[in-house]
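A closer look at the structure
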Amino acid sequence: MSPRPSANRTQLLSRADGGGNHIYNEILRELPRNEFGVVLPKLELVRLQPRQVLHEAGDTLKSAYFCNTGLISILSVLSDGKTVEVGVLGKEGLVGLPLIAGFRTSANRAVVQIEGTALRVDGDALAVILRECPRLERKLQQFSQIMAMQATQIAACNRLHEVEERLARWLLMSADRVGSAALALTQEVLGQMLGTRRSSVTVAAGILQKAGLISYTRGDVKIVQRAKLEQAACECYGLMRRQVEVWQSQTD
């Protein structure tokens, strides 16, 4: 569910920050050269560690993060401390979207699920950048709509579909974003993301593994048969992908 490549994508493949680190974030890579030149000096490469919280619900948003590699979950946090995932993103997106609309606080928790890197930008600096970079602003608005659509579909999914279908959907979404069939994930993490008990995840993973769709050992999941896993997933995975493709066809 990544943005559609632009006409000059090929010449942007070697983009790097000032320290020579490759930039994989697709929003940044799609920027015209003049806007990229404005943004680049304001970016700081940071390491993302598993279970690292980028911001809590209610926090003042001091920074935004262009995810470069890895996987980040957006969680809804209830008063009793329970959480459920309402969004997931990788190199296609940005954490800190309320800043794009001029809001300064977060409604959700953002937590790293798979280690990687991000390009951090100060919130005040981002506000200035957006006034100078209309293409970046538009792309972030479009990504905001994708995340909103994703949240509503995931809410329906968690209410209506069986755990093994939801697990298949989540593994496919995660693999798409990290670009790998191998995912470093524990049952505890999977349970939190799906809003279900760890024992239910164990049963669901066992069903998918017995069918030969995934291999699962402690802390590691590998997609073995991608096409069949897509068939085992609920319709939500396909619905979200198709909606993004429709929107991408409508962008310049």
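Everything below is about the structure shown above.
Here is what the cut-offs are and how they apply
Residues numbered from 1 in each chain as written. Predicted model: local features only at pLDDT ≥ 70, side-chain atom pairs only at ≥ 80, totals over all residues. Heavy atoms only, no water. Helix = DSSP H or I, 4+ residues; strand = E, 2+ residues; numbered from the N terminus. Rg over C-alpha atoms; globule rule 2.2 N^0.38 Å. Areas by Shrake-Rupley, 256 points an atom, 1.4 Å probe, with all protein chains shown as cover. Lys, Arg positive; Asp, Glu negative; His and termini not counted. Charge placed at Lys NZ, Arg CZ, Asp CG, Glu CD. Axes fitted to C-alpha atoms, helices over the stretch in contact; angles between N-to-C directions. Parallel < 35°, antiparallel > 145°, perpendicular 65-115°, else oblique. Contact = heavy atoms within 4.5 Å. Nonpolar A, V, L, I, M, F, W, Y, C, P; charged D, E, K, R; others polar. Buried < 20%, exposed > 50% of the residue type's maximum accessible area, 1.4 Å probe, protein only. Pairing = 2+ DSSP bridges. Salt bridge = Lys/Arg side-chain N within 4 Å of Asp/Glu carboxyl O.

**What to know about the overall build of the protein chain**
Looking only at helices and strands, one finds 10 helices and nine strands in the protein chain. A globule of 252 residues ought to have a C-alpha radius of gyration of about 18 Å, and the protein chain, at 18 Å, matches this closely. Over its C-alpha atoms, taken along the principal directions, the protein chain stretches across nearly 50 × 40 × 35 Å. Summed over all atoms, the accessible surface of the protein chain reaches about 11,900 Å², with 50% contributed by carbon and sulfur. Separation between the mean location of the 31 positive side-chain charges and that of the 25 negative ones in the protein chain comes to 3 Å.

**A few points about the packing of helix α7 (residues 187-194) against helix α8 (residues 198-210)**
At a closest axis distance of 8 Å, the pairing of α7 and α8 adopts a crossing angle of 105°. On the basis of the axis angle, α7 is roughly perpendicular to α8. On α8, the residues touching Gln187, Glu188, Leu190 and Gly191 of α7 are Arg198, Val201 and Thr202. Counted by class, the contact of α7 with α8 contains two nonpolar, three polar and two charged residues.

**Digging into the pairing of strand β9 (residues 220-223)**
Burial along β9 is one-sided: Val221 and Ile223 are buried, while Asp220 and Lys222, pointing the other way, are not. Across two bridges, strand β7 (residues 182-183) lies against β9 in antiparallel orientation. Counterpart to leucine 183 in the pairing with β9 is valine 221. In this sheet, β9 lies alongside strand β8 (residues 214-217) in antiparallel orientation, the contact comprising four bridges. Note that in β9 the partner of serine 215 across the bridge is lysine 222. Hairpin geometry of β8 and β9 is characterised by an intervening segment of two residues between the two adjacent antiparallel strands and by a positive phi of about 85° at glycine 219.

**As for the pattern of salt bridges**
Two side chains of opposite charge can pair, provided their charged atoms sit close to one another. All told, the structure shown has eight salt bridges when counted by the stated rule. For the salt bridge of aspartate 176 with arginine 226, the shortest nitrogen-to-oxygen distance reads 2.9 Å. Separated by 50 residues along the polypeptide, aspartate 176 in helix α6 (residues 163-178) and arginine 226 in helix α9 (residues 226-232) bring together distant segments of the chain. Classification of aspartate 176 as buried rests on a relative accessible area of 18%. For arginine 226, a relative accessible area of 31% gives the class partly exposed. In this structure, aspartate 176 and arginine 241 form a salt bridge, with 3.2 Å as the shortest nitrogen-oxygen distance.

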